[in-house]
Every structure is written in structure tokens, then in C-alpha cells.
Amino acid sequence: LTMPFAVFVASLPQQLNPSTLTVLTINNILPPMAASHHEVEATTVRSDDLRPLLEFTRLESFTLHALGRISLDDAFLFEMAASWPALRMLTLVCLEYGPTSHKTTRRAGLTLPSLPGLVSLAFLCINLQEISLCLDATCWNSHTAFLQAVESGEVYGELRNKHSLCQLHTFSANNSSITSP
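Right, let's walk through the structure included here. (Residues numbered from 1 in each chain as written. Predicted model: local features only at pLDDT ≥ 70, side-chain atom pairs only at ≥ 80, totals over all residues. Heavy atoms only, no water.)

1. A word on the pattern of salt bridges
Oppositely charged side chains may form a pair once their charged atoms are brought near each other. What the rule picks out here adds up to three salt bridges. Close ionic contact of Glu79 with Arg51 constitutes a salt bridge, the shortest N to O distance being 2.8 Å. Of the two residues, Glu79 is situated in helix α4 (residues 74-83) and Arg51 in the loop between α3 (47-50) and β3 (61-66); the sequence distance between them amounts to 28 residues. For Glu79, a relative accessible area of 26% gives the class partly exposed. Here Arg88 and Glu60 are joined by a salt bridge, their closest N and O atoms 3.9 Å apart. With Arg88 in the loop between α4 and β5 (89-94) and Glu60 in the loop between α3 and β3, this residue pair connects regions lying 28 residues apart in the sequence. (Salt bridge = Lys/Arg side-chain N within 4 Å of Asp/Glu carboxyl O. Helix = DSSP H or I, 4+ residues; strand = E, 2+ residues; numbered from the N terminus. Buried < 20%, exposed > 50% of the residue type's maximum accessible area, 1.4 Å probe, protein only.)

Here is the structure:
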């Protein structure tokens, strides 16, 4: 008998002590054993599935390796950063995404964190040293458009002109979609 991922995650705050857990690793979120390739592709971990983990306020390391897809938005990255200020390592990796999959991801109604979404991690998680995730860096089709977004405050919002104290030394964008590398 296989437990749905969302049910498993929702049960964790009852099974583990949210005030003491500092490291959480979840590997290979698999659909049922007899799943077809299509069922594996349809397996999606969403922001709402992970929201119960925000109760683990002392989390320093969170790793999720999923076989299907991960669909997280910038608002959830902010919630993670606000809930996990002691975070040192964040790894969100799935096997589904590749360099050409961002169009498929959008058509399927899925979202990936964007560059502006990373700002909350940089400012709220000052101990953060490592990030590994797939993000959508296609929201600007030129360097000029990016600079205009920075100038208007679209990228950094209220954090514009502030200095991050984040200790980041490793950043992996995995197979992120980037318009003009």
C-alpha cells in the first residue's frame, strides 16, 4: 500500500518534533511500483504538499529528490525563508525538468521559482550556504529588460538597495530554463 506524498508530508509534524528537527531529506518520491512513464511524469510535488514542513522552524537542511515534477512558486520560497531562518542547505531536485521543458511546465499549469523568488532566501536565511534547484529564468527576454525590472523594483521589491548577509557559496541552477545565457 502506497501513501500519497501529500499525506506523508502532512503526517511528519505529528511523527517528528517540529521544534527539534534540523535536517530533513526526502529521496525518490515514487509513484506506485507498476507506474507507467506517463504516471511518473504526472507525479507533481506542489507548494501546498510541502506547506506542513513549515512547522519545522529549526530546519537547517532540506533536501527533496523527486522522480516526477516539482511545482513551487515564489510565494512559497518566501514562506520557506521566513519559516526556516537557520537554513544552511536547500536542495529541490527532480528528474522531470530539462532545458526545454519550461514550455511544457507552463502548459501543464506548473510553476518554478524565479530569480526574484531567490531574494527572500538571500535576505532571510543569512546562514544559507548551498542552493540547488530548478528555476525559471525566462521572465526577461533580454539583459535590458532585466535591468529595467531591477530599476523598477520588480526584482527585489522592498529589499531593493539593501545588502544581503547570506553566506551562499554554492548555487546550482540544475536544468533551469534560461532565455539568453
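There is more to say, and it comes next.
2. A look at the pairing of strand β6 (residues 130-133)
Of the pairings in the sheet, the one linking β5 to β6 comprises four bridges and is parallel in character. Across the sheet, the residue bridging to Thr91 is Ser132, located in β6. Here β6 pairs with strand β8 (residues 170-172) via three bridges, running parallel. Pairing of Glu130 across the sheet is with Thr170, part of β8. (Pairing = 2+ DSSP bridges.)

3. Remarks on the nonpolar core
In summary, soluble globular proteins display a tendency toward joint burial of nonpolar side chains. Core analysis: the biggest nonpolar cluster contains 35 residues, and Leu50, Leu53, Phe62, Leu64, Leu92 and Leu121 have the highest contact counts within it. Only α1 (5-15), β1 (23-29), β3, α4, β5, α6 (115-124) and β6 provide two or more residues apiece to this core. Take this core: its biggest share by element is four residues, from α4. Beyond its immediate sequence surroundings of up to four residues, Leu50 is in contact with Phe5, Val9, Val45, Phe62, Leu64, Leu72 and Phe76. (Core = buried A, V, L, I, M, F, W, Y, C linked by side-chain atoms within 4.5 Å. Contact = heavy atoms within 4.5 Å.)

4. Regarding the packing of aromatic side chains
Aromatic ring pairs: the centre-centre distance and the angle between the two ring planes describe each pair. Per the stated rule, a full pass over the model turns up two aromatic pairs. An angle of 40° between the planes, with centres 6.5 Å apart, marks the rings of Phe5 and Phe8 as tilted. Here Phe5 and its partner Phe8 are both found in helix α1, three residues apart, which amounts to about one turn of the helix. Relative to Trp84, the ring of Phe62 has its centre 5.5 Å away and its plane inclined at 55°; by these criteria the two rings are tilted. Here the residue Phe62 occupies a position in strand β3, and Trp84 occupies one in the loop between α4 and β5, the gap between them amounting to 22 residues. For the pair formed by Phe62 and Trp84, the shared burial category is buried. (Phe/Tyr/Trp six-rings, centres within 6.5 Å; stacked < 30°, edge-to-face > 60°.)

5. Comments concerning the pairing of β5
Pairing analysis gives six bridges linking β3 to β5, with the strands arranged parallel. Bridging across to β5, Ala66 finds its partner in Cys94.

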